[in-house]
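# Coordinates in review
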Amino acid sequence: MMERYILFLLLSWFLVQVVKSECTAGEETICKNNDYIFQCTGNRVIEIQSMFYGRESNTICGNSPIPAGGCSAPSALGIISSKCNGKKFCYINTIPHTLYGDPCVGMDKYIQVSWKCVEGGTDTVCEHSDRGSLDITCTGNKVIKIHSSFYGRESSIKCGDHNVPEGGCSSASALSTVVSRCGGERSCHVPANNYIFGDPCIGVRKYMTVSWTCEQQRVPHKQLVCERVTAQLSCSEGMNVRVTKATYGRSDPKKCKPQSIPSGRCDAPNALMVVRKNCDYLQSCTLESNNAAFGHDPCPGTQKYLEVEYQCISTTF
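The structure presented is a predicted model; accordingly, all values stated were derived computationally and were not measured.

## A word on the overall build of the chain
Counting its regular elements, the chain contains seven helices and 17 strands. Relative to the 2.2 N^0.38 estimate, which gives 20 Å for 317 residues, the radius of gyration of the chain is 25 Å and therefore markedly larger than a compact globule would have. Judged by the C-alpha coordinates and their principal axes, the chain covers about 95 × 55 × 35 Å. By sequence separation, contacts in the chain at least 24 residues apart represent 75% of the contacts at least 6 residues apart. Looking at the chain as shown, the accessible area adds up to about 17000 Å², and 53% of this sits on carbon and sulfur atoms. Of the side-chain charges in the chain, 32 are positive and 29 negative, and the distance between the mean point of each set is 5 Å.

Here's what the structure looks like:
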């Protein structure tokens with residue numbers, strides 16, 4: 001009887017301590033020694049909107065003094081986004097030293113977090129499996145945003161019962177590889193094999209795990225660069241260029257010194273590849289609009305121009 005009573009008390013304490021949200025969006029303040037569980041249902045996953053850990057008020061979560069200027073952990077948003085984004089379920093707590101560091105030692109701190117449930121998912125694909133690859137598709141006018149990507153082995157039970165190398169193994173290029181294939185695209189295909197990621201642990205069967213969300217496609221930036229002119233593509237801090245369209249030649253008689261359009265084709269077939277190679281996943285890049293940049297002259301004797309459309313997307317690598 002006593003054991004049942006103790007179990008009841010422990011369960012009651014746990015339910016009081018843990019705050020659980022199954023809403024589609026929300027904000028929450030989490031005080032010291034409390035926990036928080038995010039949960040999304042259906043085909044929706046978590047996307048963290050903002051995150052604060054520290055103390056800026058002497059009335060939130062008890063009456064406690066504030067250090068001059070307040071205190072906060074600058075890495076809190078990045079850490080919790082990496083932990084929760086793209087997942088259906090995520091647990092966080094206010095134990096300071098484990099995740100966020102201690103921005104003001106000896107003071108009681110709190111978390112303020114906002115989130116929403118968005119279209120997306122997390123999926124694992126085994127190496128050498130019948131499936132063998134991951135296909136991601138976003139609906140409507142949405143594009144893919146990759147939050148995390150892993151290729152290697154850290155679990156002995158995923159994708160069969162296998163030994164884990166000491167310390168685990170993972171491909172250092174897993175995130176950048178998947179972002180380059182999927183970031184800003186409406187759909188993408190990613191094989192789970194060594195050819196794509198390299199082999200981080202030879203002789204060990206590996207698996208790939210990817211987390212993503214679908215975000216509304218932004219209105220693209222457009223740049224017109226007349227022949228023999230240099231221009232720059234740029235995005236704000238924390239955002240990088242993703243080129244969606246590029247043409248070099250002439251299809252409009254009015255652009256860049258009005259001139260008639262030559263008969264036949266007047267465009268460089270490698271324009272998109274060249275511009276993407278120079279600019280994708282950089283915060284800014286410089287473009288040259290000339291025949292040398294594209295390796296040939298698509299229509300000799302005609303004044304040409306370069307037209308580029310690009311998105312500014314968020315990347316984390």
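## Digging into the sheet that holds strand S13 (residues 221–226)
With antiparallel pairing, three strands are arranged side by side in an open sheet as S13-S17-S15. Two strands lie at the open edges of the sheet, namely S13 and strand S15 (239–249), each paired on one side alone. On average, each strand axis in the sheet is tilted by 25° relative to the strand beside it, whichever way the strands run. Of the pairings in the sheet, the one linking S15 to strand S17 (residues 305–314) comprises ten bridges and is antiparallel in character. Among the inter-strand pairings, Val-243 is bridged to a residue of S17, identified as Tyr-310. Across the sheet, helix H6 (residues 271–279) is in contact with S15 and S17; its angle to S15 comes to roughly 150°.

## Quick look at the packing of aromatic side chains
In total, this model carries seven aromatic pairs according to the counting rule given. Each ring, one from Tyr-36 and one from Phe-38, has its centre 4.8 Å from the other, and the planes form 80°; the classification is edge-to-face. Per residue, the accessibility class of Tyr-36 equals that of Phe-38, and both read buried. Clustering of aromatic rings is evident, with ring pairs tying together Tyr-36, Phe-38 and Trp-115.

Here is what the cut-offs are and how they apply
Residues numbered from 1 in each chain as written. Predicted model: local features only at pLDDT ≥ 70, side-chain atom pairs only at ≥ 80, totals over all residues. Heavy atoms only, no water. Helix = DSSP H or I, 4+ residues; strand = E, 2+ residues; numbered from the N terminus. Rg over C-alpha atoms; globule rule 2.2 N^0.38 Å. Contact = heavy atoms within 4.5 Å. Areas by Shrake-Rupley, 256 points an atom, 1.4 Å probe, with all protein chains shown as cover. Lys, Arg positive; Asp, Glu negative; His and termini not counted. Charge placed at Lys NZ, Arg CZ, Asp CG, Glu CD. Pairing = 2+ DSSP bridges. Axes fitted to C-alpha atoms, helices over the stretch in contact; angles between N-to-C directions. Phe/Tyr/Trp six-rings, centres within 6.5 Å; stacked < 30°, edge-to-face > 60°. Buried < 20%, exposed > 50% of the residue type's maximum accessible area, 1.4 Å probe, protein only.

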